[in-house]
Amino acid sequence: EGLPRPSLPRIDSIDTLLKLMPGVVVLTFVSFVSSYAIATKFAERYGYSVDANQELVAFGIAQTVGAFFGSFCISASLSRTAINVEAGANTHLASFFNAGLIAACLLFMTKAIYFLPEATLAAVVIMAVYNLIEINLIPVLWRSSRSDLVIMILTFLGTLGIGILPGLLLGMGLSVAVVLYMSAYPRFDELPRPADESILIVEMEASLFFGNAPHLKARIKEMIAKREAERQSVGTLILECTGVMRVDSTSIRALAELVDDGRAKGRRVLFVHVRPQVYQVLMSSGLMLKIGVEAVYDTLDQATASCSDIANIVRTEV
């Protein structure tokens, strides 16, 4: 009853702190993610932007101040936000009115509302959150991203079956797993064959790092083996690098192996649409000395034309 008095947080011992840390980390992470998700949800709905860094700073300040008043972990609330919106709140001033009303209830109305049925509160929350449920999103996800649909359904079932926090953690874990899988196994596809069928053009749609470098080598070997099974040799391998934003040391070694393997088999390896930051790494790593500046082109037309020029020179010499 009444407002809490400020006091220093008490930690009995280091052992107590260590026991609390795992829960603190998880709770903090989930609280911020859920708060940011709620903010972006309403930002999309009403056409304004949300700065994640600014939100994180505000979140940290609120948690620090709240620690001196014995507060719970501070986080945004989907139900309270929805009620605010449905009530017509348009500015941050609504939060000050809410805080003042809560303070007044704690000071003067605690006994009067102590036995307010939870069903009454539940009805208010349900009516406010109902408009946020987007059933029409399900067929959109089915057509565009079924992995997102599966995650959404499993997260929904998880919150119903095992609890809100475990359900949210399940959804977060599945989302991270999908991102890791897509990073480790991005699309490395063969582009349509040019007039010269000895040219293999591979489009790389992701940055290269230690997680997907083996997949890159395996995919290119698979494409070359498929060509050879069709009794078509690959005289030139062109790597289309528009989607490659960065490379690391492991992917540099993978590219070097592709170049060495190509030279051993009489195959040229060319690079197209290399971004400036990637080109700088190729230069500083020394790989460009092995590749040769003449093997880097601005467009696919230039690269394929160079193959035709070399073929004509070879036929003339023969």
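Use the structure listed above.
Residues numbered from 1 in each chain as written. Predicted model: local features only at pLDDT ≥ 70, side-chain atom pairs only at ≥ 80, totals over all residues. Heavy atoms only, no water.

A. Region of interest: the nonpolar core. Ranked by internal contacts, the top residues of the largest apolar core, which has 39 residues, are Leu239, Leu255 and Phe271. If sequence neighbours within four positions are ignored, Phe271 has contacts with Leu239, Cys241, Leu255, Val259, Ile291, Ala295, Val296 and Tyr297. (Core = buried A, V, L, I, M, F, W, Y, C linked by side-chain atoms within 4.5 Å. Buried < 20%, exposed > 50% of the residue type's maximum accessible area, 1.4 Å probe, protein only. Contact = heavy atoms within 4.5 Å.)

B. Region of interest: the side chain of Ser31. Here Ser31 shows up in helix H1 (residues 14-46). At a separation of 2.7 Å, a polar atom in the side chain of Ser31 contacts the main-chain carbonyl oxygen of Leu27. Apart from residues no more than four positions distant in its own chain, Ser31 is found in contact with Phe59, Cys73, Ile74 and Ser75. (Helix = DSSP H or I, 4+ residues; strand = E, 2+ residues; numbered from the N terminus. Polar contact = N/O pair within 3.5 Å; in protein donor to acceptor, adjacent residues only side chain to side chain.)

C. Quick look at the pairing of strand E4 (residues 268-272). Buried residues dominate E4, accounting for four of its five residues. Bridge count for strand E3 (residues 236-240) against E4 is five bridges, and the pairing is parallel. Residue Glu240 lies in a different strand from E4, and its bridge partner there is Val272. (Pairing = 2+ DSSP bridges.)

D. Focus on the pairing of E3. When you tally the buried positions in E3, you get five out of five residues, the bulk of the element. In E3, alternate side chains face the same way, and those of Thr236, Ile238 and Glu240 on one face and Leu237 and Leu239 on the other are all buried. Across five bridges, strand E2 (residues 199-204) lies against E3 in parallel orientation. Directly across from Ile201, in E3, lies its bridge partner Ile238.

E. The arrangement of the sheet that holds E2 in detail. Overall, mixed pairing links the five strands, which are arranged E1-E2-E3-E4-E5 in an open sheet. The sheet is open, and its two borders are formed by strand E1 (188-190) and strand E5 (296-297), each paired with just one other strand. Examined bridge by bridge, E1 and E2 share three bridges and lie antiparallel to one another. Bridged to Phe188 within E2 is Met204.

F. Representation of the packing of H1 against helix H3 (residues 78-86). Running from amino to carboxyl end, H1 crosses H3 at an angle of 25 degrees, the nearest separation of the two axes being 10 Å. Between H1 and H3, the angle is such that the two are roughly parallel. H1 and H3 meet at a crossing whose hand is right-handed. When H1 is examined against H3, the residues Ile38, Phe42, Arg45 and Tyr46 are found in contact with a partner set consisting of Leu78, Thr81, Ala82, Val85 and Glu86. Grouping the amino acids of the contact of H1 with H3 by side-chain chemistry returns six nonpolar, one polar and two charged. (Axes fitted to C-alpha atoms, helices over the stretch in contact; angles between N-to-C directions. Parallel < 35°, antiparallel > 145°, perpendicular 65-115°, else oblique. Left-handed = near helix turned anticlockwise from the far one by under 90°. Nonpolar A, V, L, I, M, F, W, Y, C, P; charged D, E, K, R; others polar.)

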